[in-house]
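Residues per chain are reported as follows:
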Amino acid sequence: MRLFDLRLIIAFLFGLYGVVLVVIGLGFTTDEDLKKAEGVNINLWAGIAMVALSAVFAAWAMLRPQFADTDKQPIKEL
Amino acid sequence: MSVLAEADLRLDAGPIDYALLVIYFAVVLGIGVMARRSVSTSLDFLLSGRSLPAWVTGLAFISANLGALELMGMTANGAQYGMATVHYYWIGAIPAMVFLGLVMMPFYYGSKVRSVPEFMRRRFGKPAHLVNAISFAVAQILIAGINLFALAVIIDALLGWPLPVSICVAALVVLAYTTLGGLSAAIYNEVLQFFVIVAALAPLTIVGLIKVGGWQGIVEKVTDKEQLSAWPATELTGIDHPVWSVIGLVFGLGFVLSFGYWTTNFAEVQRAMSAKSMSAAKRTPIIGAYPKALIPAIIIIPGIIAALIVPEMAQLKAGDTSSGVAYNDVLPLLMRDLLPNGILGIAITGLLASFMAGVAANVSSFNTVFTYDLWQDYIKKDKPDEYYLRIGRLATVGACVLAIGTAFIAAALGGSNIMDYIQALFSFFNAPLFATFILGMFWKRMTPTAGWVGLLAGTFTAIFIYAISEPSFGIELLELPGQGASFLGAGLAFVVDIVVSVAVTMVTRPKPDSELVGLVYSLTPKKDRAHATTGEDAGWYRSPALLGGGVLALTTVLYFIFG
């Protein structure tokens, strides 16, 4: 059985989340938001971290594709 | 978990938070739809065709355990008991996970069994198998119901949806992706859930730490300085004498309870069985052990911080219960106080994701045991594989419907105190199971009769200790508050199981050696226990023993720094 590559899904979800949070952090952060999080623009920083995570997974999936070793068959039924 | 005080916990979720939540659920369902395309046999559906890489199964292994009760319970313990809570993660998990990978996986994976009960059947025959399969199936449905109820309570508190609606919606989502994609979808989603949970808890911890003044701030502000050190954990165990408290922790939690849970609970072991090779199967629990060792940083520390900075929590800790909050409310309260919209949506998503992970793990292990161990073994044998694939799908639907039922029972019982007890009870059923397994794996003489008699004797011991130590039953012969009673119950159940199994073995007939090849240590050739070290299993960094030693060393260092 050949399942799709989970790393791409992780890259997609966190890429999307990261971009949304960065945009909120840069453009839509109120003073009240900042005060709540002790002056840290947490949306911006968390967004950057998520974009980075997304990039790591995307790079990993590109560099080491899932089905490089076609000689190895998964163990089938008993 | 007590009934949450709603008005206090209602989060100020905005459209953007809901949007992030909806995106997540769309991806979760998408994984189910995509995974469906690679399901063509029952083994694909129930065991992912044994094709998954170790990092996926390893993260799923840990995520399957990061359910509602774990997350709420351990942040609550952090707030209530402080650093002693780390024992649940370190001594209470890491050694057992390494042991599962290095010592037990060769038999589970090498013998090609499809479930833990199936190992039981091959080693001890039908009576032991039936006891194990039925009790596991029943436990999974009950625990799925508890998880579902906990999930509904939190949705109700956070977002204001009525309980029945959230129970059904959550069950439908889990049902949709597990019926479509089977274990693969459950496991892929568990890995995704792991990252979302971390993405939810890490910002919360960081902002909390800044607010409280860093680790130094915690050290200064915690009034009960004993809570800053993990040992001797007298509050946690309920055992006043420090030496006995440590012995209780090491033997009760560190050995019997934790080995019982991690090595015989099929909801966990199934993740390793779905790995694509012996090496990947051995590495599964060990890879999972690394995040397990580190995750207390974003679970227990928020708990400790909440007790310092959330006014209601500080009141509760000082003994004032008037605000109506419970220790279980740590995460929602912190989210309310610290997170602005945007990251708040991620945190809500992470919390709901974690709760669904628990339910999905229960359901996906239930359907395997039901299909292979109950239906195929006792009801309809020798049908073509498509038949069992269909039964697997139907079992998933059945499990979700039954779990909705048990969730409503939990709701009707008024809060989940009783369900917590059921959970505790099942958790120490694992102790005798572990005794039987470990004896059976290393002692070829052990007989089939000893298998089931020992198991029953151990289980009844656990129930007996529970009955005479639980205050609400009114026959309180043993006074052990905290976790002491379950440590003692599990320890005694283990000992009784071993003693009874040995005694029964002496007077009954063992199985011939030829039937035990691959199941017992002395009868399994070394090459059958070894893993390949070529292709995708090559490289020193993929050595299970090295990785296992590494995580044990890491845990020791962590104990020296934070213990």
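Colleague: Explain the overall build of chain A here, please?
Modeller: The number of helices and strands found in chain A is three helices and zero strands. Written out in order from the N terminus, the α and β elements of chain A read α-α-α. Out of the 78 residues belonging to chain A, those deemed buried represent 40%. With an accessible surface of roughly 4500 Å², chain A has 69% of that area assigned to carbon and sulfur atoms.

Colleague: Got a minute to help me understand the interface of chain A and chain B in this structure?
Modeller: By a widely used convention, the size of an interface equals the accessible area lost when the partners come together. The partner chain B presents 49 residues to the 37 residues of chain A that form the contact. When the two sides are added together, the surface that chain A and chain B hide from each other amounts to roughly 3800 Å², 74% of it contributed by carbon and sulfur. Our enumeration of links across chain A and chain B arrives at zero salt bridges. Counting across the chain A and chain B interface gives four residue pairs in polar contact (both at pLDDT 80 or more). Partitioned by chemical class, the residues of the side of chain A that touches chain B number 25 nonpolar, two polar and ten charged.

Colleague: How should the packing of aromatic side chains be read in this particular structure?
Modeller: For any pair of aromatic rings, the description rests on two quantities: the centre-to-centre distance and the angle between the ring planes. Summed over all chains, the structure comprises 32 aromatic pairs over all chains. Pairing W540(B) with Y541(B) gives two aromatic rings, centres 5.9 Å apart and planes at 90°, and the pair type is edge-to-face. Given a relative accessible area of 65%, W540(B) falls into the exposed group. On the accessibility criterion, Y541(B) (44% relative accessible area) is partly exposed. An aromatic cluster is built from F14(A), Y17(A), F57(A), W60(A), W55(B), F194(B) and F195(B), whose rings are joined through pairwise contacts. The side chain of K383(B) reaches across the aromatic face of Y387(B), ending 5.3 Å from its centre.

Colleague: What exactly am I supposed to notice about the packing of helix α13 (residues 242-264) of chain B against helix α14 (residues 266-273) of chain B here?
Modeller: Residues and elements named next belong to chain B. Taken N-terminus to C-terminus, the directions of α13 and α14 make an angle of 50°; their axes are 5 Å apart at the nearest point. Here α13 is positioned oblique relative to α14, judged by the angle of their axes. Residue-level inspection shows Y261, W262, T263 and T264 of α13 in contact with α14, the latter providing F266, E268 and V269. Looking at side-chain class alone, the contact of α13 with α14 contains four nonpolar, two polar and one charged residues.

Colleague: Please clarify how the confidence of the model for chain B should be interpreted in this entry.
Modeller: Regions with low pLDDT carry predicted coordinates that are not meant to be interpreted in detail. Residue and element names in this part refer to chain B. When pLDDT is averaged along chain B, the result is 85, and 93% of the positions lie at 70 or above. Per-element confidence in chain B ranges from a low mean pLDDT of 54 for helix α1 (residues 6-9) to a high of 94 for helix α15 (residues 278-294). Here residues 1-7 is a poorly scored stretch, pLDDT under 50, and it has 20 contacts once near neighbours within four places are set aside; other chains count. Note on the complex model: pTM 0.89, ipTM 0.86.

Colleague: Got a minute to help me understand helix α5 (residues 68-81) of chain B in this structure?
Modeller: The periodicity of an α-helix, 3.6 residues per turn, causes residues three or four positions apart to be oriented the same way. With 14 residues, α5(B) extends 19 Å between its outermost C-alpha atoms, agreeing within 8% with the 20 Å of an ideal straight helix rising 1.5 Å per residue. One or two residues past the end of α5(B) sits G82(B), with phi positive at roughly 75°.

Colleague: I tried to follow the side chain of S279(B) on my own but got confused; where do I start?
Modeller: Position of S279(B) among the secondary structure elements: in helix α15. Aside from chain neighbours lying at most four places away, what touches S279(B) is H531(B), A532(B), D537(B), R542(B) and P544(B).

Colleague: Looking at this structure, I do not really get the state of the cysteines. What am I missing?
Modeller: Note: disulfide means a covalent bond formed between the sulfur atoms of two cysteine side chains. All names here are of chain B. Scanning the model with the defined rule gives zero disulfides over all chains in all. The cysteine C168 is free of any disulfide, with C400 supplying the nearest cysteine sulfur at 11 Å. Take C400: its relative accessible area is 4%, and that puts it in the buried class.

Calculation criteria
Residues numbered from 1 in each chain as written. Chains lettered and ligands numbered in written order. Predicted model: local features only at pLDDT ≥ 70, side-chain atom pairs only at ≥ 80, totals over all residues. Heavy atoms only, no water. Helix = DSSP H or I, 4+ residues; strand = E, 2+ residues; numbered from the N terminus. Buried < 20%, exposed > 50% of the residue type's maximum accessible area, 1.4 Å probe, protein only. Areas by Shrake-Rupley, 256 points an atom, 1.4 Å probe, with all protein chains shown as cover. Contact = heavy atoms within 4.5 Å. Buried area = accessible area lost by both parts, 1.4 Å probe. Salt bridge = Lys/Arg side-chain N within 4 Å of Asp/Glu carboxyl O. Polar contact = N/O pair within 3.5 Å; in protein donor to acceptor, adjacent residues only side chain to side chain. Nonpolar A, V, L, I, M, F, W, Y, C, P; charged D, E, K, R; others polar. Phe/Tyr/Trp six-rings, centres within 6.5 Å; stacked < 30°, edge-to-face > 60°. Lys NZ or Arg CZ within 6 Å of the ring centre and 35° of its normal. Axes fitted to C-alpha atoms, helices over the stretch in contact; angles between N-to-C directions. Parallel < 35°, antiparallel > 145°, perpendicular 65-115°, else oblique. pLDDT = per-residue confidence, 0-100. Expected span 1.5 Å × (residues − 1). Disulfide = S-S within 2.5 Å.

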